[in-house]
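Descriptive structure summary
This is what each chain is made of:
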Amino acid sequence: MHRYSFLIMTLVAFVARAEMKVEVTQGQVNPLPMAILGFEFMDNETKELASNIEGVIQHDLESTGLFSMVPPQSFIQTDLPLDMTPRYQDWKIIKVEALINGRVQKESDGSISVSFRLWDVYAETMMTASAMKTKKKHWRRIAHLIADMIYKRITGEDGYFDTRIVYISESGKQTKRIKRLAIMDQDGANHKYLTDGRVMAMSPRFNATCQTVTYMTYDHKVPKVFVLDLETGKQQLVGRFSGLTYAPRFSPDGNKVIMSQSLNGNSSLYTMDLRNKRVEQLTKGPFIDTSPCYSPDGTKIVFNSDRSGHKQLYVMDADGSHIKRISFGGGSYATPVWSPRGDLIAFTKQEGGQFYIGLMKADGTEERNIATGFMVESPAWCLNGRLIMFWRQGRASKDGKMSPANLYSIDITGRHERLIPTPQDGTDPAWSPSLPLTLK
């Protein structure tokens, strides 16, 4: 089992007032012109680190669609020591509105220190600054954290770059697929396998409060639900279940797991309290109730059910009472997931031989589709509720060869769709909460 070692870091930050702000809305956003002036370095080793850190920061920010990087060949000022003020007029001429510069240093204990500044060119003000110290091997996390700070300072919302994705890595023939639990950074870096593939892994879901994952296995046709602690590598069997069991998810406080269990042709929703293993049945009847997901405050549950004759979305109180249908469109709905912000529900919809990733408000109004394909499945929210990750697969070829299954991210406007690279086919993604800064 993989053991994840958390980053050891010190962080000092300074924030100054400035007028620059990008509003993240559903309307069209003109990307903010930004420049990264090469980070200072000491030698060839820190030169390479500086270049790598700049590259990750740039990739993170550009991937949002909110920022556009002005190319270095346009720069008039080409050098800016960390303790100096930019020549603002040089940057106004080339229409840069936000400027980033920094420094990478080696410390006597073998660690590295990384400092940066964010400047508002037109207000002629330093917006934020920080200094971080960590082991050299954690340079990518430094870059993601800097991008998070820049994103938050300009948009006013938390960044999501210092996060990870768990998903199912698939390989092999269609009749004998190998499905392994895998993890990677949100941009596809630092990929690792968490299971060996001897037993089929399915439906990974993150705990919103810590770095633990719940997932399922099918071993000799017996469904089992596990909780895996990514920090320690320890795994706990939640339970063995008769009948088919689907898609376990954590409650917002991390104390319960909710799932669907199928017995005698019907599927009902159950919760298990992880503290005492007490199981409670929430729904009953001759229906198929599946894919439950809590609201962020834990008071409501959204799920899909065929109780109206075909699959639609329903919301109920957390104790199973006051069930209310919220979807009324054509086609069938599945895999609803509540946004971390509580304002939207993402879902999968199938209609007219096509799949869609859609969004609606929590009361079912203002439904719209943001992604489509022959097969698109498993929407998963990033922590600030602005991006969704999902997987897509095309039609098989005429000779029966399967199309690859790939992970994608897309923002809630339906723009800036981005392929997330994986070594093999990727399905069923789940997005982590923020990573802790220090080793406990």
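So, here is what we can say about the structure in this document. Being a predicted model, the structure only gives us computed values, none of them experimental.

What the protein chain contains, in helices and strands, is three helices and 30 strands. Against the 2.2 N^0.38 benchmark of 22 Å for 440 residues, the protein chain shows a C-alpha radius of gyration of 23 Å, consistent with a compact globule. Counting only C-alpha atoms and orienting by the principal axes, one finds that the protein chain spans roughly 75 × 50 × 45 Å. The buried share among the 440 residues of the protein chain stands at 55%. For the protein chain, restricting intrachain contacts to residue pairs at least 6 apart in sequence, the fraction spanning at least 24 positions comes to 48%. As presented, the protein chain carries roughly 19,600 Å² of accessible surface, and 50% of it is formed by carbon and sulfur atoms.

Throughout the structure, instances matching the rule amount to ten aromatic pairs. Consider the rings of phenylalanine 303 and tyrosine 314, whose centres lie 5.9 Å apart with planes at 25°: the pair is stacked. With a gap of eleven residues between them, phenylalanine 303 in strand E19 (residues 300-305) and tyrosine 314 in strand E20 (residues 312-317) connect regions that are remote in the sequence. Both residues of the pair, phenylalanine 303 and tyrosine 314, belong to the buried class. For the pair phenylalanine 390 and tyrosine 408, a centre-to-centre distance of 5.9 Å together with 20° between the ring planes defines the contact as stacked. Highlighted residues: phenylalanine 390 in strand E27 (residues 387-393) and tyrosine 408 in strand E28 (residues 405-411), separated in sequence by 18 residues. Every member of this aromatic cluster is reached through a ring pair, and the members are Tyr151, Tyr160, Phe161 and Trp431. We note arginine 180 situated over the ring of tyrosine 193; from NZ or CZ to the ring centre the distance is 3.7 Å. Against the face of tyrosine 314 rests arginine 307, its NZ or CZ located 5.8 Å from the ring centre.

Examined against the element boundaries, asparagine 207 turns out to sit in the loop between strand E10 (200-206) and strand E11 (212-219). By relative accessible area, asparagine 207 is classed as buried at 4%. Within the local environment of asparagine 207, its side chain forms a polar contact with the side chain of threonine 209, the two groups lying 2.7 Å apart.

The next subject is the sheet that holds strand E7 (residues 164-171). Spatially, the four strands line up as an open sheet ordered E9-E8-E7-E30, and their pairing is antiparallel. Either end of the sheet is taken by a strand with one partner, and the two such strands are strand E9 (192-193) and strand E30 (425-431). Sheet topology places E7 next to E30; five bridges connect them, and they run antiparallel. Bridge assignment links valine 166 to a residue of E30, and that residue is alanine 430.

Moving on: the nonpolar core. By size, the foremost hydrophobic cluster in this structure holds 46 residues, and its most contacted members are Met34, Phe39, Leu61 and Ile150. The dominant element in this core, judged by the number of residues it contributes, is helix H3 (residues 139-155), at ten residues. Beyond its immediate chain neighbours, meaning those up to four positions away, isoleucine 150 contacts Met34, Ile57, Leu61, Ile100, Phe116 and Leu118. Val337, Met360, Val376 and Ile388 belong to the second largest nonpolar core, which has 25 residues in total.

Moving on: the state of the cysteines. Here the structure, examined in full by the defined rule, presents zero disulfides. Cysteine 293 takes part in no disulfide bond, and the closest cysteine sulfur to it belongs to cysteine 382, at a distance of 14 Å.

Here the focus is the pairing of strand E5 (residues 112-120). The buried fraction of E5 is high, at eight of nine residues. As paired strands, strand E4 (residues 98-106) and E5 are joined by nine bridges and run antiparallel to one another. Among the inter-strand pairings, asparagine 101 is bridged to a residue of E5, identified as arginine 117. Joining the antiparallel neighbours E4 and E5 is a turn of five residues, in which glycine 110 adopts a positive phi near 90°. With nine bridges connecting them, E5 and strand E6 (residues 125-134) associate as antiparallel partners.

Turning our eyes to something else, we now look at H3. In a regular helix each residue adds 1.5 Å, so 17 residues correspond to 24 Å; H3 covers 24 Å between its end C-alpha atoms and thus fits that length. Residue glycine 156 follows H3 closely and has a positive phi angle near 85°.

Note that methionine 202 resides in strand E10. Expressed as a C-alpha distance, the spacing of methionine 202 and threonine 155, which sit 47 residues apart in the sequence, is 36 Å. Excluding residues that lie within four positions of it along the chain, methionine 202 makes contacts with Ile168, Tyr215, Met216, Tyr218 and Asp428.

So, on to the pairing of strand E8 (residues 178-185). Across eight bridges, E7 lies against E8 in antiparallel orientation. Looking across to E8, one finds that valine 166 is bridged to isoleucine 183. Between E8 and E9, which pair antiparallel one after the other, the connecting turn spans six residues, and glycine 188 there sits at a positive phi close to 95°.

So, on to the pattern of salt bridges. Summed over all chains, the structure comprises 26 salt bridges. When the shortest N-O distance is used, the salt bridge between glutamate 157 and arginine 341 registers 3.2 Å. With a gap of 184 residues between them, glutamate 157 in the loop between H3 and E7 and arginine 341 in the loop between strand E22 (332-338) and strand E23 (344-351) connect regions that are remote in the sequence. Of the residues examined, arginine 341 reaches a relative accessible area of 41% and is grouped as partly exposed. Ionic contacts of the salt-bridge type, sharing partners, join the residues Asp43, Glu45, Lys106 and Lys136 into one network.

Conventions and cut-offs
Residues numbered from 1 in each chain as written. Predicted model: local features only at pLDDT ≥ 70, side-chain atom pairs only at ≥ 80, totals over all residues. Heavy atoms only, no water. Helix = DSSP H or I, 4+ residues; strand = E, 2+ residues; numbered from the N terminus. Rg over C-alpha atoms; globule rule 2.2 N^0.38 Å. Buried < 20%, exposed > 50% of the residue type's maximum accessible area, 1.4 Å probe, protein only. Contact = heavy atoms within 4.5 Å. Areas by Shrake-Rupley, 256 points an atom, 1.4 Å probe, with all protein chains shown as cover. Phe/Tyr/Trp six-rings, centres within 6.5 Å; stacked < 30°, edge-to-face > 60°. Lys NZ or Arg CZ within 6 Å of the ring centre and 35° of its normal. Polar contact = N/O pair within 3.5 Å; in protein donor to acceptor, adjacent residues only side chain to side chain. Pairing = 2+ DSSP bridges. Core = buried A, V, L, I, M, F, W, Y, C linked by side-chain atoms within 4.5 Å. Disulfide = S-S within 2.5 Å. Expected span 1.5 Å × (residues − 1). Salt bridge = Lys/Arg side-chain N within 4 Å of Asp/Glu carboxyl O.

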